[in-house]
Amino acid sequence: RDRRRDEGPKCEEPESNGPVFLEATDHRSKMEEDGLAAARAKARRAGARFSIPIINAERLMSMMDQVVLVDARTKPERRVSRLPGSLSIADFEKKTLIDKPVVVYCTIGARSGSYAQGLKTAHPVYNLEGIVPYTHHPLAFGDSRFALVDEDGRPATKVHVFAWPWTKLASTRFDEVTFGPLEACAAVLFPSWFDSS
């Protein structure tokens, strides 16, 4: 495995006039590719523990209008950003009729996989790779109907990545927000405490 450090924009030597630096977007593209690959690898490992099919952003976007989206994250995470039209677990569980397939998501697929595993529904249940890999899709940012939204429904500029193991995995288009170490432990051990009003 190549562990060379990321050294910034690459430098090309033209035939005259000295070195020319490539656009900063070339460097950013490499960072985005690396972040997406790392995020997807973590999401696949997290989701592999469950017998629920894992889907990526492209697949979700192709079926967005035909599914119920369930956000398995805590209220503080959902306040930062969420998928448009998604329901919290509490709101989802209040629904009496589930007439569509269900897609559950969290940061990288561990909490959502666990929740999805226990769902009893006549329709298919899927586990999204997670909101972190989702941030890398070009339509996840800005004014797209697939873009992440904040708690007021406006296009989000931040994403909650839960805690330090998942920092630097989201798209660089988003600012990352994390829990501190104690908050992260509490969110895992006592998630309903975070969702109480």
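In this report, the structure presented in the accompanying data block is examined. The model shown is predicted, which means the values in this text are computed figures rather than measured ones.

Cut-offs and rules
- Residues numbered from 1 in each chain as written.
- Predicted model: local features only at pLDDT ≥ 70, side-chain atom pairs only at ≥ 80, totals over all residues.
- Heavy atoms only, no water.
- Helix = DSSP H or I, 4+ residues; strand = E, 2+ residues; numbered from the N terminus.
- Buried < 20%, exposed > 50% of the residue type's maximum accessible area, 1.4 Å probe, protein only.
- Contact = heavy atoms within 4.5 Å.
- Areas by Shrake-Rupley, 256 points an atom, 1.4 Å probe, with all protein chains shown as cover.
- Pairing = 2+ DSSP bridges.
- Right-handed = clockwise from strand over helix to strand, strands pointing away.
- Salt bridge = Lys/Arg side-chain N within 4 Å of Asp/Glu carboxyl O.
- Phe/Tyr/Trp six-rings, centres within 6.5 Å; stacked < 30°, edge-to-face > 60°.
- Core = buried A, V, L, I, M, F, W, Y, C linked by side-chain atoms within 4.5 Å.

Observations concerning the overall build of the protein chain
In step 1: Along its length, the protein chain carries 8 helices and 9 strands.
In step 2: Relative to its full complement of 197 residues, the protein chain shows a buried share of 41%.
In step 3: In the protein chain, the proportion of contacts linking residues at least 24 apart, taken out of those at least 6 apart, comes to 58%.
In step 4: Counting every atom, the protein chain has about 11500 Å² of accessible surface; 54% of that belongs to carbon and sulfur.

With respect to the pairing of strand S7 (residues 125-128)
In step 1: Where burial is concerned, the two faces of S7 agree: the one with Val125 and Asn127 and the one with Tyr126 and Leu128 are both buried.
In step 2: Direction of pairing for strand S3 (residues 54-55) relative to S7: parallel, over a ladder of 2 bridges. Bridge pairing in S7 links Ile54 to Asn127.
In step 3: For the segment spanning strand S6 (residues 102-105), helix H5 (residues 110-117) and S7, crossover handedness is right-handed.

A word on the pattern of salt bridges
In step 1: Per the stated rule, a full pass over the model turns up 9 salt bridges.
In step 2: The shortest N-O distance in the salt bridge between Arg154 and Asp152 comes to 3.4 Å.
In step 3: We classify Arg154 as partly exposed; its relative accessible area is 48%.
In step 4: Given a relative accessible area of 55%, Asp152 falls into the exposed group.
In step 5: By sharing partners, the salt bridges in this structure join Arg40, Glu58 and Glu129 into a single network.

What about the packing of aromatic side chains?
In step 1: Inspection of every chain in the model, using the stated rule, returns 1 aromatic pair.
In step 2: Between the aromatic rings of Phe141 and Phe174, the centroid separation amounts to 5.1 Å while the plane-to-plane angle is 90°, which identifies the pairing as edge-to-face. Here the residue Phe141 occupies a position in the loop between helix H6 (131-134) and strand S8 (158-160), and Phe174 occupies one in the loop between S8 and strand S9 (175-177), the gap between them amounting to 33 residues.

Topic: the pairing of strand S4 (residues 68-71)
In step 1: Residue alternation in S4 divides its side chains into two sets, Val68 and Val70 and Leu69 and Asp71, and both sets are buried.
In step 2: In the sheet, S4 pairs with strand S5 (residues 87-88) via 2 bridges, with the strands oriented parallel. Counterpart to Val70 in the pairing with S5 is Leu87.
In step 3: One crossover worth recording links S4 to the parallel S5 by way of helix H3 (residues 75-80), and it is right-handed.

Description of the nonpolar core
In step 1: In this structure, Leu60, Leu83, Val103, Leu128, Val132, Tyr134 and Leu148 are the most contacted members of the largest nonpolar core, which totals 33 residues.
In step 2: For this core, the secondary-structure elements that each account for two or more residues are helix H1 (24-47), helix H2 (57-63), S6, S7 and H6.
In step 3: When residues in this core are grouped by element, the largest group, 4 residues, is from H2.
In step 4: Non-local contacts of Leu148, meaning those with residues more than four positions away in its chain, are made with Ser81, Arg82, Leu83, Ile131, Tyr134, Thr135, Ala140, Arg154, Pro155, Ala156, Val159 and Phe174.
In step 5: Val68, Cys106, Tyr115 and Val125 belong to the second largest nonpolar core, which has 14 residues in total.

Observations concerning the sheet that holds S3
In step 1: Within the open sheet, the 5 strands sit side by side as S3-S7-S6-S4-S5. Their pairing is parallel. Strands with a single pairing partner mark the edges of an open sheet, and in this sheet they are S3 and S5.
In step 2: Note that S4 and S6 share 4 bridges and pair parallel. Bridging across to S6, Asp71 finds its partner in Tyr105.

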